[in-house]
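# Survey of secondary and tertiary structure
Read off the chains here:
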Amino acid sequence: MGKRKPRKPGKESTKTATTKIDLISNLPNFLLFHILSFLPTRCAMATSVLARRWRHLWKDLLVLDLDNSEESPYYLPGGRHRFVDFVDSVFAQRTAPHVEKLRLTCEIPMDKRKSSKTWFRTAVGPHLKELYLDLTLHNHQGYGRVKLPEKVLTSTSLESLVLKGRMYLVIYEGFGWVRLPSVKNLELDLDCVDPNSVICSCRALENLKLTLREAFPTKSWETPELHMPPTLKRLTLIQADETEEFLNDIEELVINTPLLEYLSITLWARCLEVSISDYPNMVEAHLDIDQDKEQVGWVVELFKALHQTKLLDLKLSTMECLLVASRFELPEFSRLVNLELEIPYFDSGFMIELLHNCNMLQVLTLHNREKVSTLELEEPNCWKLPTKDPDCVISHLKIFEFKGYQDSADEHGFVAYLLERGPILETMKIHADPSLGPKYKKCIHKQLSRVPRSSKTCQLKVT
């Protein structure tokens, strides 16, 4: 056969040969500004080489994202001076009348500390809506303090304020009050600050993330208190690891926040007086709370107040508080779908009682943190078949995961019970304690595989 002759270019091929139209460049400026606002400022500046029209576009942006953290892909190692000079040039070249959003993360050399004042003076104004600051004043002796200007803490336009990092931010000397009426999102992760003075000034606050790093308040004659605004919908309270030895007791902790939908608390400072409300809108709750036996009462009350949540995650310290408390009636978790528990030891009687109060439960995750050696010192719990099956086991439970499984008689009886009585169980994952060894794990899998399953689709995995 002869070679096929090349096809002569027709109308279609002629069209493809023509120059492609630059659709992005034909967009109006306000759309280009919107697109560029999602880029780091360094990337937005780089678009100036695309075409003549793009040369000065970045200068009119109302959003600045200037990040020199180690996580940033544009991090300049050992380039503190270079980055400060870069930020100076950005503010010097801008032609936009104001700033609406500013994200600034960097270490400022001591001899460049005046630059931060210029940045604040330019950016902080009546149009600023979002401010994210992660600043550190650096010198050869360590780290110093960056003073936050007064007008930041009296802004009526700010809707989101994030102050965090290894830096030290202090309220302007002689300035004793804060007023942030429009702030809905607040994140504080500072060393020198009285968090309560800032939190209480945010009357419209909906999302709060607070990290406690050292004793507060900064004035020794004031009482350490934390009062959460009733408008809160999300609350994350974290005690940093390094504060264990010197964080003072919290005299009063008030969480009267009936609109709360998300709650996460990591805390081991003693709370002497705690006020808690009911949380009918709760969706997700994570508790990692450690208290003395005298203070566990408020942990129990908080546990009860979370009865409407859909996801509940209780860490080991929280479970220990609940187990050492005086016996109390377990609440009815009528909407709970996902339950995650870290337990100091396994007690099937407690688990069955809890499951009876979780009628809608679909996902159950247990992590037994008990050391294997302790099983020999204490008489193990014995498995007893419940007289009545929990509703969730026979009608809703789909996923069960057991971490730190030690194959005690009580544990084996409970796991086998779920296999036998769970008609819609889809997945069962058993993570054996590492001390048991690979041969023992195979034995566990063999024993559990022999258990008759109510669900024909249930997959058993032992690792």
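My aim in this report is to walk through the structure given alongside it, one point at a time. Computed from a prediction, not measured in an experiment: that's the story for all the values here. Just so you know, the residues in each chain are numbered from 1, in the order the chain's sequence is written. For a predicted model such as this one, the threshold for reporting local features is a pLDDT of at least 70, and the threshold for listing and counting side-chain atom pairs is 80 or more; totals across whole chains, interfaces and linings nevertheless cover every residue. To obtain the side-chain values, all non-hydrogen atoms of the structure were included, while hydrogens and water were left out.

## Some words on the pattern of salt bridges
- The working definition used for a salt bridge is a side-chain nitrogen of Lys or Arg within 4 Å of a carboxyl oxygen of Asp or Glu. Taken as a whole and assessed by the stated rule, the structure comprises twelve salt bridges.
- With a closest N to O distance of 3.7 Å, Glu187 and Lys164 form a salt bridge. One end of the pair, Glu187, is in strand β7 (residues 185–189); the other, Lys164, is in the loop between β5 (160–163) and β6 (168–171), and 23 residues separate them in sequence.
- With a shortest N-O distance of 3.0 Å, Glu342 and Arg369 are connected by a salt bridge. Highlighted residues: Glu342 in strand β16 (residues 338–343) and Arg369 in the loop between β17 (363–368) and α10 (391–395), separated in sequence by 27 residues.
- Via salt bridges that share partners, Asp249, Arg270 and Asp292 belong to a single interconnected network. Going along the chain from the N terminus, every DSSP run of H or I of four or more residues is numbered as a helix, and every run of E of two or more is numbered as a strand.

## Points about unusual backbone geometry
- Even without glycine at this site, Asp407 takes up a positive phi of about 60 degrees.
- Three exposure classes are used, based on accessible area relative to the maximum for each residue type with a 1.4 Å probe and protein chains only: buried under 20%, partly exposed in between, and exposed over 50%. A relative accessible area of 14% means that Asp407 is categorised as buried.

## Describing the environment of Phe216
- Along the chain, Phe216 falls in the loop between β8 (207–212) and β9 (225–227).
- For Phe216, a relative accessible area of 3% translates into the label buried.
- C-alpha of Phe216 to C-alpha of Pro195: the two residues are 21 residues apart in sequence and 7.8 Å apart in space.
- By definition, residues are in contact when any of their heavy atoms lie within 4.5 Å. When near neighbours in sequence (up to four residues on either side) are disregarded, Phe216 contacts Val193, Asp194, Pro195, Pro224, Glu225, Leu226, Leu247, Asn248 and Ile250.

## Thoughts on the pairing of strand β10 (residues 234–239)
- Only strands joined by at least two bridges in the DSSP assignment are considered to pair. Of the pairings in the sheet, the one linking β8 to β10 comprises six bridges and is parallel in character. What sits directly across from Leu208, in β10, is Leu235.
- Pairing of β10 with strand β12 (residues 262–267) involves five bridges; the strand directions are parallel. Paired with Arg234 across the two strands is Tyr262, which belongs to β12.

## Here's the deal with the packing of aromatic side chains
- To pair, rings of Phe, Tyr and Trp, with the six-membered ring standing in for Trp, must have centres within 6.5 Å; the planes then decide the type, stacked if under 30 degrees apart, edge-to-face if over 60, and tilted in the middle. Going through the model one piece at a time under the given rule, you end up with ten aromatic pairs.
- Note on Phe303 and Phe328: the rings are 6.2 Å apart at their centroids and 75 degrees apart in plane angle, and the pair reads as edge-to-face. Taken together, the residues span a long stretch of sequence, with Phe303 in helix α7 (residues 296–305) and Phe328 in the loop between α8 (316–324) and β16 at a distance of 25 residues. Each of the two residues, Phe303 as well as Phe328, counts as buried.
- Aromatic pair Phe346 and Phe402: ring centres 5.6 Å apart, planes at 40 degrees, arrangement tilted.

## Looking at α8
- Along α8, the residues classified as buried are Leu316, Ser317, Thr318, Met319, Cys321 and Leu322.
- Residues of α8 that are buried in the fold lie against β14 (284–289), α7, β15 (311–314), β16 and α9 (348–356).

## Digging into the environment of Leu64
- Within the secondary structure layout, Leu64 lies in strand β1 (residues 63–67).
- By relative accessible area, Leu64 is classed as buried at 2%.
- Measuring from C-alpha to C-alpha, the distance between Leu64 and Lys101 comes to 6.2 Å, with 37 residues separating the pair along the chain.
- Residues in contact with Leu64, not counting those within four places in the same chain, are Thr41, Val90, Phe91, Arg94, Val99, Lys101, Leu102 and Arg103.

## Remarks on the pairing of β16
- For β16, a buried count of five out of six residues is recorded, marking the element as mostly surrounded by other parts of the structure.
- Call a crossover right-handed when, viewed with both strands pointing away from you, the route from the first strand across the helix to the second goes clockwise. Handedness of the β15-α8-β16 crossover: right-handed.
- Inspection of the sheet shows β16 paired to β17 by six bridges, in the parallel sense. Residue pairing in the sheet places Glu342 in a bridge with His367 of β17.
- In the classification by handedness, the crossover that spans β16, the intervening α9 and the parallel β17 is right-handed.

## Re helix α11 (residues 409–421)
- Multiply 1.5 Å by the residue count of a helix minus one, and that product is the helix's expected span. Helix length check: α11, at 13 residues, gives a terminal C-alpha distance of 18 Å against a target of 18 Å (1.5 Å per residue), a fit within 8%.
- Among all positions of α11, only Asp410, Glu411, Gly413, Phe414, Val415, Ala416, Tyr417, Leu418 and Leu419 are buried.
- On its buried face, α11 sits against α9, β17, α10, β18 (399–405), β19 (427–432) and α12 (437–449).

## Topic: the sheet that holds strand β11 (residues 252–255)
- Strand order across the open sheet formed by three strands is β9-β11-β13, with parallel pairing between neighbours. With partners counted over all chains shown, the strands left at the sheet margins are β9 and β13 (274–276), one partner each. With direction set aside, neighbouring strand axes in the sheet form an average angle of 5 degrees.
- Judged from the three bridges that link them, β9 and β11 form a sheet pairing that is parallel. Paired with Glu225 across the strands is Glu252, a residue of β11. To obtain each axis, a line is fitted to C-alpha atoms, and for helices this fit is confined to the stretch in contact; angles are then taken between N-to-C directions over 0 to 180 degrees.

## Quick notes on the side chain of Thr309
- Within the secondary structure, Thr309 is located in the loop between α7 and β15.
- The class for Thr309 is buried, based on a relative accessible area of 0%.
- Of the polar contacts made by the side chain of Thr309, one reaches the backbone nitrogen of Glu284; its length is 3.5 Å.
- Look past the residues within four positions of Thr309 in its chain and what remains in contact with it is Met282, Val283, Glu284, Ala285, Arg335 and Leu336. In protein, a polar contact requires one atom able to donate a hydrogen and another able to accept it; more generally it is a pair of N or O atoms within 3.5 Å, and residues adjacent in sequence count only if both atoms are side-chain atoms.

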